[in-house]
Amino acid sequence: PNNQKKLPPGPRGLPILGHFHLLGKNPHVDLCNLARKHGPVMGLRFGPVPAVVVSSPAVAELVLKTHDLVFASRPPHDAARQLSYEQRNLVFGPYGPYWRNMRKLCTLQLLSNFKIDQFRPVRKAEVWLLVNSLKHAAEGRENVDLSAAISAVNGDMNCLMILGRKYSDGDLDEEGFKALFMETVDVAAQFNLADFFPYVGSLDLQGLNRRMKRLSKVFDGFLEKIIEDHVMKRGEEKGNEDFVDTMMAIMESGEAGFEFDRRHIKAVLLDLLIAGTDTSATAIEWAMSELMKHPAVMKKLQQELESVVGLDQMVDESHLNKLEYLECVVKEVLRLHPVVPLLIPHESMEDCELQGFYITKKSRVIVNAWAIGRDPDIWANPDSFTPERFIDNEIDLRGRHFELIPFGSGRRGCPGLQLGLTVVKLLVAQLAHCFDWELPIGMKPDDIDMSDHFGLVTARAKHLMAIPKYRLHVS
Ligand code: HEM
């Protein structure tokens, strides 16, 4: 009987509302502080919806590995309902045949090692363009908006890979990609009352509805344009089909074996554009910020690059697996700044027990990767940026070691891990190898502001600015 089941401990909630009031602007930090008091399996309630917050490697392993299937669904999500055609996307799709098939399709047609290799020349060309424009800035001793530059090159690489050509900001809206993607990950991460109280949603107490309606209109227009572009150039480039062509061919063949129409294509394209661009760009931005804040680490990384690559050429992807210190730097960056700090909420499909605590079916499960990365019981000096901690340490970030799970793990783990890591390493290595980075006059490394802005993807609150100085011996 129910009264014998031990529920997970947690703070006292308000009648009806539950625990919304405990979350401020930085829910990953608030939940971390609460978990230090109440434990790694912490029970909360958002209105009528039970939630459990996971904050240790052992419990994360139970949720993402041992009971992976039980926790493989996603809760109802109003933002995905409005922006992604009734949650027909991959990121928020509930567990079932549609999500499974779509995930398989994306993995095979876009995110496999084979496909990633196929797009190597695209990445090379785009990175070359970036380095070239930074070289010009270096000659003029310009203070560069590095955040914007990183985001732009990621956007271009992703458009080429996913959509077959570049789209410029003007194709989307006068605000441009970065602003709209930031707005989207902000809206999508809010603890939205509409997700918990269906009847309250229409009142739009948080003003989210209005923001989502606007976003959905802009994105739908853009996605329709992409599909129209592909319809127009049909058959022109046989053998040169991109991901959109492939998806459309499957739709038209009627042989998908699952419901598949334009809405599904648009929902998944939007997922990939946002998941692929914002995450990697944010990780690179954090890496550059930490490297500039810690000149000794930057120096050491540059020395490794000098010895493996040499100052008479740029970094090539074939160098990446020889760069051991770079690997440590990237791990350390993602430990301190897991760009998706609360992963994406999971939902339990059955009742389940976690470390003796009873978790009911349809609970919302929040895995706090940020808290795990900064847990003093796991990491010595958890707040210090020390890539050396990963030397001779077998912990990697592929979801096998639950101390470090910036990509999640298991069935819902990030399918873009390999692509994301490749892009992050390539760009961090290239930017550190080709340039020394000076701070604007009067600024010291310690002055770099590391505050973040919580969203599904949690990026720097302020753009990173610096002055590049070219350091290679080739012009
Ligand atoms: C540094 C780069 C990246 C990081 C840190 C990252 C992290 C994550 C995380 C934490 C999740 C959620 C895992 C969970 O819910 O348990 C996720 C899901 C996802 N990611 Fe990534 N990601 C990155 C790059 C990419 C790229 C490049 C793509 C594709 C182009 C991508 C596509 C996706 C998709 C489609 C999902 C949803 C999977 C599902 O629900 O089945 N990600 N990612």
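Residues numbered from 1 in each chain as written. Predicted model: local features only at pLDDT ≥ 70, side-chain atom pairs only at ≥ 80, totals over all residues.

## Digging into the overall build of the protein chain
A count of helical and extended segments in the protein chain gives 17 helices and 11 strands. A compact globule built from 475 residues should have a C-alpha radius of gyration of about 23 Å, and the protein chain, at 23 Å, falls within 12% of that. Seen through its principal axes, the protein chain has C-alpha atoms that stretch 75 × 55 × 40 Å. Here the protein chain, with 475 residues, has 44% of them falling under the buried criterion. Looking at the protein chain alone, contacts between residues at least 24 apart form 74% of all its contacts between residues at least 6 apart. (Helix = DSSP H or I, 4+ residues; strand = E, 2+ residues; numbered from the N terminus. Rg over C-alpha atoms; globule rule 2.2 N^0.38 Å. Buried ≥ 20, exposed ≤ 12 C-beta atoms within 10 Å, placed from the backbone. Contact = placed C-beta atoms within 7 Å.)

## Digging into the UniProt feature "binding site: heme" (unreviewed entry) in the protein chain
Sequence positions flagged by UniProt for "binding site: heme" (unreviewed entry) are, in local numbering, C414. Tracing the backbone through its elements, the reader meets C414 in the loop between α16 (369-373) and α17 (417-434). Among all residues touching C414, those that are not within four sequence positions of it are F407, G408 and G420. (UniProt positions renumbered as here; feature names shortened; annotations may be inferred.)

## A look at the packing of helix α6 (residues 120-139) against α17
Axis separation between α6 and α17 bottoms out at 11 Å; the angle between their running directions is 30 degrees. The hand of the α6/α17 crossing is right-handed. Contact residues: α6 offers R123, V127 and V131, while α17 offers V423, L426, L427, Q430 and C434. The class makeup of the residues in the contact of α6 with α17 is 6 nonpolar, 1 polar and 1 charged. (Axes fitted to C-alpha atoms, helices over the stretch in contact; angles between N-to-C directions. Left-handed = near helix turned anticlockwise from the far one by under 90°. Nonpolar A, V, L, I, M, F, W, Y, C, P; charged D, E, K, R; others polar.)

## A look at the site of the ligand
Looking at the ligand, there are 26 residues lining it, with G276, G408, C414, G416 and G420 nearest. Taken together, the elements giving at least two residues each to the shell around the ligand come down to α4 (97-111), α13 (262-293) and α17. The element contributing the most residues to the shell around the ligand is α13, with 7 residues. Considering only residue class, the shell around the ligand consists of 16 nonpolar, 7 polar and 3 charged. (Near = placed C-beta within 6 Å.)

## Focus on the domain arrangement of the protein chain
The domain boundaries assigned to the protein chain delineate domain 1 (1-69 + 341-373) and domain 2 (70-340 + 374-470). With centres defined by C-alpha atoms, the gap from domain 1 to domain 2 works out at 27 Å. At the junction of the two partners, domain 1 supplies 36 residues and domain 2 supplies 31 residues. The element contributing the most residues to the side of domain 1 that touches domain 2 is helix α2 (residues 57-66), with 6 residues. Of the residues in the side of domain 1 that touches domain 2, the class split is 22 nonpolar, 7 polar and 7 charged. (Domains from an automatic or database assignment.)

## Let's talk about the sheet that holds strand β2 (residues 49-54)
Sheet architecture is open: 4 strands sit in the order β1-β2-β7-β4, paired in mixed fashion. Only two strands of the sheet have a single neighbouring strand rather than two, namely β1 (41-46) and β4 (346-347). Where β1 lies against β2, 6 bridges are found, and the strand directions are antiparallel. Across the sheet, residue M42 finds its bridge partner in β2, namely V53. Sheet contacts for helix α1 (residues 27-38): β1, β2 and β7 (364-367); angle to β1, the most-contacted strand, approximately 125 degrees. (Pairing = 2+ DSSP bridges.)

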